[in-house]
Amino acid sequence: MRATSTAGPAVLVLEDGRTFAGQSYGAVGTTVGEAVFSTGMTGYQETLTDPSYHRQVVVMTAPHIGNTGVNPHDMESSRIWVAGFVVRDPALRPSNWRSQGDLDEALRTSGVVGISGVDTRALTRHLRDRGAMRVGIFSGPDAGRPVEELLRTVTQAPRMAGSALAEEVSTPHPYVVSPPEGVAPRWTVAALDLGIKGTTPTLMAARGIRVHVLPATSTWEELLAVEPDGVFFSNGPGDPATAEHETALLRRVLDTGLPFFGICFGNQLLGRALGLPTYKLAFGHRGINQPVLDRATGKVEVTAHNHGFAVGWPEGTPTDEGADTPYGPVRCSHVALNDDVVEGLRCVDVPAFSVQYHPEAAAGPHDAEHLFDRFVTMMEEHRAQA
């Protein structure tokens, strides 16, 4: 991919052959990935820099994108991770007191190929009907190639199912996020980075947790070396069925009885560690407006999501009934109100729980931020029993 400031023709080609014409946005060239849509009205910069979007082409359902520009404070990681970006009506210029740059320019600088002027409503409806699928964006000279050639490029791309991607986005070296000045460190947590977003350790640190962020390849001995009071598994991209090392590591955590909290990919890995299946959703949940019922409180929370896989429940068993596992009973603690997807797990006999969504939600909403307090309470209770 090569960057340029000249907006020319571009074409989007789905693997089922449907095409959408538009204009180049961001870098010029070719990109392929899985086409998914995000329903957030705001937070496009947090979306772009979320490592969970690695190898995905994101379609923004909100029609006007880029109006608040970009700034270094809204980055959820050190770079833009999306494989491609699709918008309907890009802002002509940013207008916000926090803006320090233009989104189009940021995409070009990062080499991210995008397309604008697309009927994103029609594209979203197509993906809802047909499911997430592989897609290519072609601009510059590539946009003039025969559609048959472009379609071959798309269908030769790897599928998301069966893809192991956590190691590709994980930190190569451990690092520590300490509590801010004035907050006494009370807990130590080993956080396995499967695609962690920067706000997550920041929120834990604000609660007196010294967070040791570890690579996805970390061993049991390396995890224990930080002397953790609890273990955290982050969000991340790819198929949870491929994460055999991380799942085995989590079983060691459960065997030892260390308090565990997982979000998103971490929720799926807890399910697999307990012996529950995972499966690919038709088009996934992505956005910052997903309603979830917290069965512990009876409250409905509006939550931020980015997942294309989910935890399955034993066939014939309603999600409001527990399931038996090698680690004792597990409850479906949260459920999606749009489609009844399992959105959280709570173990009865071991100190472990997880949610499928993102309680850190830098772009909002913040309904579920209290889950970090639940994690602290779990570590307090575990220490008191030790």
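Residues numbered from 1 in each chain as written. Predicted model: local features only at pLDDT ≥ 70, side-chain atom pairs only at ≥ 80, totals over all residues. Heavy atoms only, no water.

Draft legend 1. Structural view of the overall build of the protein chain. The helix and strand inventory of the protein chain stands at ten helices and 20 strands. The C-alpha atoms of the protein chain give a radius of gyration of 21 Å, which matches the 21 Å a tight globule of 386 residues would have. Each principal axis of the C-alpha distribution contributes one length, and for the protein chain these read about 65 × 50 × 40 Å. Per-residue burial for the protein chain yields a buried fraction of 56% across its 386 residues. The positive charge centre, built from 31 side chains, and the negative charge centre, built from 44, are 5 Å apart in the protein chain. (Helix = DSSP H or I, 4+ residues; strand = E, 2+ residues; numbered from the N terminus. Rg over C-alpha atoms; globule rule 2.2 N^0.38 Å. Buried < 20%, exposed > 50% of the residue type's maximum accessible area, 1.4 Å probe, protein only. Lys, Arg positive; Asp, Glu negative; His and termini not counted. Charge placed at Lys NZ, Arg CZ, Asp CG, Glu CD.)

Draft legend 2. Representation of unusual backbone geometry. Looking along the chain, the bond that leaves G364 and enters P365 is cis, with omega of -5°. Its place among the elements puts P365 in the loop between β20 (352-355) and α10 (371-385). Positive phi outside glycine occurs at D340, with the angle close to 65°. Relative to the helices and strands, D340 resides in the loop between β18 (328-336) and β19 (342-347).

Draft legend 3. Representation of the pattern of salt bridges. Under the definition given, this model contains 16 salt bridges. In the salt-bridge network here, residues are joined through shared partners; they are E15, R134 and R159. (Salt bridge = Lys/Arg side-chain N within 4 Å of Asp/Glu carboxyl O.)

Draft legend 4. Inspection of empty space enclosed by the protein at higher detail. The final tally for this structure, using the stated rule, is two cavities of 30 Å³ or more. Here the largest cavity is characterised by a volume of approximately 200 Å³. What lines the largest cavity is a set of 21 residues, and nearest its centre among them are E46, T47, K197, I288 and A304. Ranked by residue count, the leading element in the lining of the largest cavity is strand β16 (residues 299-311), at three residues. Among the residues forming the lining of the largest cavity, the class breakdown is six nonpolar, ten polar and five charged. One number sums up the size of the second largest cavity: a volume of about 130 Å³. Surrounding the second largest cavity, 15 residues form its lining, G236, G238, H307, G308 and F309 being those nearest its centre. Those elements that place two or more of their residues in the lining of the second largest cavity are α9 (265-273) and β16. At four residues, the largest contribution of residues to the lining of the second largest cavity is made by β16. (1 Å grid on protein atoms, 1.4 Å probe; cavity = no way out; pocket = protein on both sides within 12 Å on 5 of 7 lines; lining within 4 Å. Points joined across faces, edges and corners; volume = space filled by probe spheres on them. Nonpolar A, V, L, I, M, F, W, Y, C, P; charged D, E, K, R; others polar.)

Draft legend 5. Local environment of the packing of helix α8 (residues 244-256) against α9. Contact geometry for α8 and α9: axes closest at 9 Å, N-to-C directions at 70°. If you check the angle between α8 and α9, you find them roughly perpendicular. Residue-level inspection shows E246, T247, L250, R251 and L254 of α8 in contact with α9, the latter providing L269, L270, R272 and A273. In the contact of α8 with α9, the residues fall into five nonpolar, one polar and three charged. (Axes fitted to C-alpha atoms, helices over the stretch in contact; angles between N-to-C directions. Parallel < 35°, antiparallel > 145°, perpendicular 65-115°, else oblique. Contact = heavy atoms within 4.5 Å.)

Draft legend 6. Up close: the nonpolar core. Core analysis: the biggest nonpolar cluster contains 35 residues, and F233, L250 and L254 have the highest contact counts within it. Of all elements in the fold, only β11 (187-192), α7 (220-224), β13 (230-233), α8, α9, β18 and β19 reach the threshold of two or more residues within this core. What L250 contacts, discounting residues up to four positions off in sequence, is F233, F260, L269, L270 and A273. Grouped together as the second largest cluster of nonpolar side chains are 25 residues, V177, W187, L371 and F372 included. (Core = buried A, V, L, I, M, F, W, Y, C linked by side-chain atoms within 4.5 Å.)

Draft legend 7. Molecular detail of the state of the cysteines. Per the stated rule, a full pass over the model turns up zero disulfides. Residue C332 stays outside any disulfide, its sulfur separated by 12 Å from that of C347, the closest cysteine. Residue classification places C332 among the buried positions, given a relative accessible area of 4%. (Disulfide = S-S within 2.5 Å.)

Draft legend 8. Looking closely at the pairing of β16. Within β16, ten of the 13 residues are buried, which leaves the element mostly enclosed by the surrounding structure. Where strand β15 (residues 278-294) and β16 come together, eleven bridges link them in antiparallel fashion. Bridging across to β16, R286 finds its partner in N306. Remark: four residues form the turn of the hairpin made by β15 and β16, two consecutive strands paired antiparallel; G298 in that turn has positive phi of roughly 75°. (Pairing = 2+ DSSP bridges.)

Draft legend 9. Local environment of the side chain of S234. Note that S234 resides in the loop between β13 and α8. Reaching out from S234, the side chain makes a polar contact with the backbone nitrogen of I196 at a distance of 3.4 Å. If we ignore the near neighbours within four places in the chain, the residues touching S234 are L192, D193, L194, G195, I196, I263, F265 and G266. (Polar contact = N/O pair within 3.5 Å; in protein donor to acceptor, adjacent residues only side chain to side chain.)

Draft legend 10. View of the side chain of E301. Mapped onto the secondary structure, E301 falls in strand β16. No salt bridge is formed by the buried E301; its nearest oppositely charged neighbour, R374, is found at 5.7 Å. Once you skip the residues sitting within four places of it in the chain, E301 turns out to touch Q290, P291, V292, D294, Y357, D367, A368 and H370.

Draft legend 11. Local environment of the packing of aromatic side chains. This structure, assessed with the given rule, holds six aromatic pairs. Look at F232 and F261: their rings are 5.6 Å apart centre to centre, the planes differ by 65°, and that puts the pair in the edge-to-face class. Here F261 lies in strand β14 (residues 260-263) and F232 lies in strand β13, a separation of 29 residues in the sequence. Judged by relative accessible area, which is 0%, F261 ranks as buried. (Phe/Tyr/Trp six-rings, centres within 6.5 Å; stacked < 30°, edge-to-face > 60°.)

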